[in-house]
Amino acid sequence: MALQATSSFAVHREVTLKDSSLFGVPLSTHLKVDFTSRKEFNQRGALKTQAVATTPAANIASTGAKKTLRKGTVIITGASSGLGLATAKSLAETGKWHVIMACRDFLKAERAAKSSGISKENYTVMHLDLSSFDSVRQFVGNFKQSGRPLDVLVCNAAVYLPTAKEPTFTADGFELSVGTNHLGHFLLARLLLDDMKKSDYPSKRLIIVGSITGNTNTLAGNVPPKANLGDMRGLAGGLNGLNSSAMIDGGDFDGAKAYKDSKVCNMLMMQEFHRRFHEETGITFASLYPGCIATTGLFREHIPLFRLLFPPFQKYITKGYVSEDESGKRLAQVVSDPSLTKSGVYWSWNNNSASFENQLSEEASDVSKAQKIWEISEKLVGLA
Ligand code: LMG
Ligand code: NDP
Ligand code: PMR
């Protein structure tokens, strides 16, 4: 598949070929069978090796400890619909989790929880608007005041503005997609890291939802406009559309690209957290592509024809489609499954819904870009 042969990195090329069984989706059939060669390229690629270092054994609860495990507390951003709601439901119904639904629309979240049948004692809705740093700080203050421990944080909320002709901006003046999906979550995760450190839960996790569309080592990631952070001059300039571009790479505004760029930031951020904090804290840092959940609110801004054709296209042609329910089970696994404690991993699932460690594109695993975004973002959110 010519579209996929974009990487000059041998490791990627190998993965790429595996990925390209029709439309890049069911790559895992090969990966499952060919487990040894997967291990091999983990060893051969320095970046990969760094990115998948394992969680210390101390973090994995013994069978004895599990029996006395207290109820975990998980914060899920954007739990009022789609993947976030389905994950909240999946975790709440185990009775082992209290879900903090961190949402911008309080009433919508309450209604969603009720109509999904989540029982009252298993969730709390707390207000969070990721497009405002004040709101993020207020949420963190409210959460700390609640006195609950923080065991798992799931950065799930996102906006996608594919038809916007002009950029719109967060309360703090950053282009809305990157401002919400990346900067809002970056500030949130940084401010809550100490709470996670303090938690005595045996498997603490910080999960940031990524996507295939930000990974240019797949067919889906090659559908224009492609993600590309360039030299990040726009981000460094503040993404304000006035004295700097509203796009990370400094180019003309494109809403679909801004979303994909924001997902690259999400995936890079997860790895940078891993490098900076995993060893010291034992926290598992992970990202994932849950599958194409073609029916969610994410596509609300797309044209009606797209919304009509997209689900059958994904179901019958690419076979990348997953239901909201199934996607929720997948993310719930990353939150609580004892077999998914490895840190620095980008999880995906094959057609039989078996999880596997997927490979990120060259850009989405670029160590120096991750570090640069971290440093620029720290300044933009007021932490440095
Ligand atoms: C861009 O346009 C905008 O330019 C950009 O601003 C932004 O909005 C961006 O991502 C958002 O979109 C994308 C535009 C061009 O695509 C569309 O608007 C149409 C999308 C349609 C998606 C669904 C297609 C549905 C097809 C019919 C399905 C029917 C289902 C029936 C069920 C079935 C039964 C059995 O689109 C492109 O980007 C085109 C360029 C793609 C290049 C890469 C892909 C090459 C791969 C070739 C394989 C193609 C085969 C698939 C097509 C199937 C068609 C039948
Ligand atoms: P939805 O639109 O259904 O869910 C997004 C959630 O984010 C909503 O609850 C929304 O709130 C919330 N949100 C948006 N803006 C803000 C904000 N400023 N502050 C707080 N919350 C906000 O989409 P999905 O469930 O599909 O998306 C969830 C995640 O999955 C995203 O990270 C997305 O990138 C990712 N993803 C989705 C895929 C898909 O195919 N759908 C594929 C790959 C990844 P409200 O209900 O108020 O609008
Ligand atoms: Mg894509 C090869 C399989 C595949 C997969 C798994 C996805 C996932 N897409 C695939 C292929 C294609 N898409 C092809 C061949 C086309 C051209 C017809 C195509 C088009 C397309 C559009 C226009 N796809 C899209 C859009 C969107 O607007 C969605 C998007 O980019 O949102 C950022 C999207 C998506 N395709 C996916 C997934 C998971 C999405 C959406 C969500 C996301 O990444 O968060």
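If you look the protein up in an unreviewed UniProt entry, it shows as NADPH-protochlorophyllide oxidoreductase from Helianthus annuus. Per its UniProt entry, the protein bears the Pathway (unreviewed entry) comment "Porphyrin-containing compound metabolism; chlorophyll biosynthesis." The Subcellular location (unreviewed entry) field of the UniProt record for the protein holds the comment "Plastid, Chloroplast".

Draft legend 1. Representation of the site of ligand 2. Close to ligand 2 lie 32 residues, the nearest being Ser80, Ser81, Asn156, Tyr259 and Thr296. In this structure, Ser80 approaches ligand 2 through a side-chain N or O atom, which is 2.6 Å from an oxygen atom. At 3.3 Å, a backbone N or O of Ala158 approaches an oxygen atom of ligand 2. Notes on ligand 2: free accessible area 880 Å², of which the protein chains cover 97%. Secondary-structure elements contributing two or more residues to the shell around ligand 2 are helix 6 (82-92) and helix 11 (255-281). Of the residues belonging to the shell around ligand 2, the class tally is 14 nonpolar, 12 polar and six charged.

Draft legend 2. Structural detail: the sheet that holds strand 4 (residues 152-155). In space, the eight strands of this open sheet follow the order 3-2-1-4-5-6-7-8, with mixed pairing throughout. Edge positions in the sheet fall to strand 3 (123-127) and strand 8 (355-358), since each has one partner strand and no second. Direction aside, neighbouring strands of the sheet carry axes that sit 25 degrees apart on average. Sheet analysis places strand 2 (residues 97-103) next to strand 3, joined by five bridges and oriented parallel. What sits directly across from Ile100, in strand 3, is Thr124. Strands strand 2 and strand 3 of the sheet are contacted by helix 7 (residues 106-115), whose axis makes an angle of about 165 degrees with strand 3.

How each quantity is defined
Residues numbered from 1 in each chain as written. Chains lettered and ligands numbered in written order. Predicted model: local features only at pLDDT ≥ 70, side-chain atom pairs only at ≥ 80, totals over all residues. Heavy atoms only, no water. UniProt positions renumbered as here; feature names shortened; annotations may be inferred. Near = heavy atom within 4 Å. Polar contact = N/O pair within 3.5 Å; in protein donor to acceptor, adjacent residues only side chain to side chain. Areas by Shrake-Rupley, 256 points an atom, 1.4 Å probe, with all protein chains shown as cover. Helix = DSSP H or I, 4+ residues; strand = E, 2+ residues; numbered from the N terminus. Nonpolar A, V, L, I, M, F, W, Y, C, P; charged D, E, K, R; others polar. Pairing = 2+ DSSP bridges. Axes fitted to C-alpha atoms, helices over the stretch in contact; angles between N-to-C directions. Contact = heavy atoms within 4.5 Å.

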